[in-house]
Amino acid sequence: FAANSRFTTHASRFNKSMIKKIKILIIVLCSLQLTTTAQDLHFSQFFNSPLVTNPANTGFIPDADYRIGANYRNQWSSVMSVPYKTVSAFADAQVFRDRLENGWLGLGGMILNDKAGSGSLTSTKVYGSVAYHQMLGLSSLLSAGFNIGWANKHINESKLKFPDQFDGKFFDSKLPTSVVFTNNYVSYMDMHVGMNYAYFPDENVYINAGYSIQHVNRPKETFFGDNSVFGRIPMRHTGFVNAILKLNDRVIVNPNAYFTTQAKATDLVFGINANYNLSQFGEQQLIAGVYYRLGDAIVPMVGLEVAKIQFTFSYDVTLSALSKYNGYRGAMEFSIIKKGFYPDNVDRTSICPTF
């Protein structure tokens, strides 16, 4: 009787554990609506990944001539044995400022890599970006740009388990499955377009808004062969607005808002961060802010800028139903950006507020 009692208790605990895991899986899948719809990459610090947000941002650098940056995101490591990991690197620069009247060309490129889930779904994308920027009078700027690139995705079939491999208690990968992949990788060309408008009436105010469309060529992305009726990536529409406002010689505030929609999924992020001057001419700045992803998470951010190199860290504190299972631990992000001037252009005037 004692042995049966212990077995019953153990079985009860096992069932509760399984039920909890299933609940977590369901909530994670619901939370992943935008990601699973088209497997697009995204960052909470969207303002620190400018070429991902909008190709018209290429060479759109109000306070420098060039910049180099990298981003890293680790998501849901508290509830998934293999968390989502996203890495990007980018570089862009202004060219032909001395050859084009009241305008310039922006050239750049970026590399993105994302690994998701136990099936090792890996995405690698490489883009080249071009944008043109034209001054409209003395206090506004209009920009338009595009990027075009190559994307590749592959998956490890041996690590996947399917519904028809569930024996009532466990998923058994040795059981046959009706799911058959034609191949475990896919490659395609991809294209994005975008526009920006900036308004800077004086040295203390700067306002910027932009709109972009990703996947304008609707590339096909499927592991089930070219004859599959599924796999066309829906276009993704993204809009943003931000401002840079200099309050005094010590404080500059930067409110931001970002909205994106793809298929029937949406994502809205908004908030504010501020730079506090720690030195005489702004060589050292302390950065702090907070953002909110609607219905999902609050995102506090801290950072430091030293000699035109900016380091920022943010953390997605989950507020959705998933917080019951992940202990509010969502995702962490790191960003590093280096800005600079050409040797013969160190005295160029910034078109946005600076210390």
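Residues numbered from 1 in each chain as written. Predicted model: local features only at pLDDT ≥ 70, side-chain atom pairs only at ≥ 80, totals over all residues. Heavy atoms only, no water.

Engineer: Talk me through the overall build of the protein chain; I want residue IDs and the actual numbers.
Structural biologist: Per the secondary structure count, the protein chain includes four helices and 14 strands. When each of the 355 residues of the protein chain is scored for burial, the buried share is 44%. Intrachain contacts of the protein chain at a sequence separation of at least 6 include 58% that bridge at least 24 residues. Approximately 18,400 Å² of the protein chain is accessible, and the part contributed by carbon and sulfur atoms is 63%. (Helix = DSSP H or I, 4+ residues; strand = E, 2+ residues; numbered from the N terminus. Buried < 20%, exposed > 50% of the residue type's maximum accessible area, 1.4 Å probe, protein only. Contact = heavy atoms within 4.5 Å. Areas by Shrake-Rupley, 256 points an atom, 1.4 Å probe, with all protein chains shown as cover.)

Engineer: Report on the packing of aromatic side chains, specifying residues and quantitative values.
Structural biologist: This structure, assessed with the given rule, holds eight aromatic pairs. Measuring from centroid to centroid gives 6.5 Å for F46 and Y291, while their planes differ by 85°, and the two rings are edge-to-face. One end of the pair, F46, is in the loop between α2 (33-38) and α3 (50-53); the other, Y291, is in strand β11 (residues 284-293), with 245 residues separating them in the sequence. Within the aromatic cluster, the residues linked to one another by ring pairs are F46, F47, Y258 and Y291. A cation over a ring is seen here: R97 above W104, with NZ or CZ 4.3 Å from the ring centre. (Phe/Tyr/Trp six-rings, centres within 6.5 Å; stacked < 30°, edge-to-face > 60°. Lys NZ or Arg CZ within 6 Å of the ring centre and 35° of its normal.)

Engineer: Pulling in residues and values, what's your account of the pairing of strand β2 (residues 84-95)?
Structural biologist: Judged from the 10 bridges that link them, strand β1 (residues 66-75) and β2 form a sheet pairing that is antiparallel. Counted as the bridge partner of Y72 is V87 from β2. As paired strands, β2 and strand β3 (residues 103-116) are joined by 11 bridges and run antiparallel to one another. Pairing of V87 across the sheet is with N113, part of β3. (Pairing = 2+ DSSP bridges.)

Engineer: Could you give an account of a nonpolar patch on the surface, naming the residues involved and the relevant values?
Structural biologist: On the surface, a nonpolar cluster with roughly 590 Å² of combined accessible area is contributed by L136, L142, M195, Y197, Y199, I207 and V241. With three residues, the single largest contributor to the nonpolar patch is strand β6 (residues 185-202). Within the secondary structure, Y199 is located in strand β6. (Patch = residues over 30% accessible without salt bridge, like charges linked within 9 Å, V, L, I, M, F, W, Y side chains within 5 Å. Salt bridge = Lys/Arg side-chain N within 4 Å of Asp/Glu carboxyl O.)

Engineer: Describe the environment of M191, naming the residues involved and giving the relevant values.
Structural biologist: Among the secondary structure elements, M191 is positioned in strand β6. Look at M191 and you get partly exposed, because its relative accessible area is 27%. Measuring from C-alpha to C-alpha, the distance between M191 and R218 comes to 8.6 Å, with 27 residues separating the pair along the chain. When near neighbours in sequence (up to four residues on either side) are disregarded, M191 contacts F146, N147, I148, I213, Q214, H215, V216 and N217.

Engineer: Give a description of the pairing of β11 that names residues and reports values.
Structural biologist: A one-sided burial pattern is seen for β11, the buried positions being Q285, I287, G289, Y291 and R293 and the unburied ones Q284, L286, A288, V290 and Y292. In the sheet, strand β10 (residues 265-277) pairs with β11 via nine bridges, with the strands oriented antiparallel. Paired with Y276 across the strands is L286, a residue of β11. The loop that links β10 with its antiparallel partner β11 comprises six residues; one of these, G282, has a positive phi angle of about 85°. Adjacent in sequence and paired antiparallel, β11 and strand β12 (residues 297-306) are bridged by three residues, among which G295 carries a positive phi angle near 75°.

Engineer: Requested: an account of unusual backbone geometry, with residues and values cited.
Structural biologist: At K308, a residue that is not glycine, the phi angle is positive and equals roughly 70°. On the secondary structure map, K308 appears in the loop between β12 and β13 (309-318). Look at Y328: it is not a glycine, yet its phi comes out positive at around 70°.

Engineer: With reference to specific residues and values, describe the pattern of salt bridges.
Structural biologist: One pass over the structure, following the stated rule, counts nine salt bridges. Between D92 and R67 there is a salt bridge, with its nearest N and O atoms 2.9 Å apart. With D92 in strand β2 and R67 in strand β1, this residue pair connects regions lying 25 residues apart in the sequence. Summarising the burial analysis for this pair, D92 and R67 share the class buried. A cluster of three or more residues bridged by salt bridges with shared partners is formed by R73, D267, R293, D296, D316 and E333.

Engineer: Let's hear about the side chain of N242: which residues, and what values?
Structural biologist: Note that N242 resides in strand β8 (residues 236-246). With a relative accessible area of 13%, N242 lands in the buried category.

Engineer: Let's hear about the environment of F334: which residues, and what values?
Structural biologist: Along the chain, the position of F334 falls in strand β14 (residues 329-340). Overall, the relative accessible area of 40% leaves F334 in the partly exposed class. It is 5.7 Å that separates the C-alpha atoms of F334 and N71, two residues lying 263 residues apart in sequence. In contact with F334, other than residues within four places in its own chain, are A70, N71, Y72, T312 and F313.

Engineer: Can you lay out the environment of E203 for me, pointing to particular residues and giving the numbers?
Structural biologist: The residue E203 is located in the loop between β6 and β7 (205-214) in this model. In the structure, E203 is positioned 148 residues away from I351 in sequence and 7.3 Å away in space, judged by C-alpha atoms.

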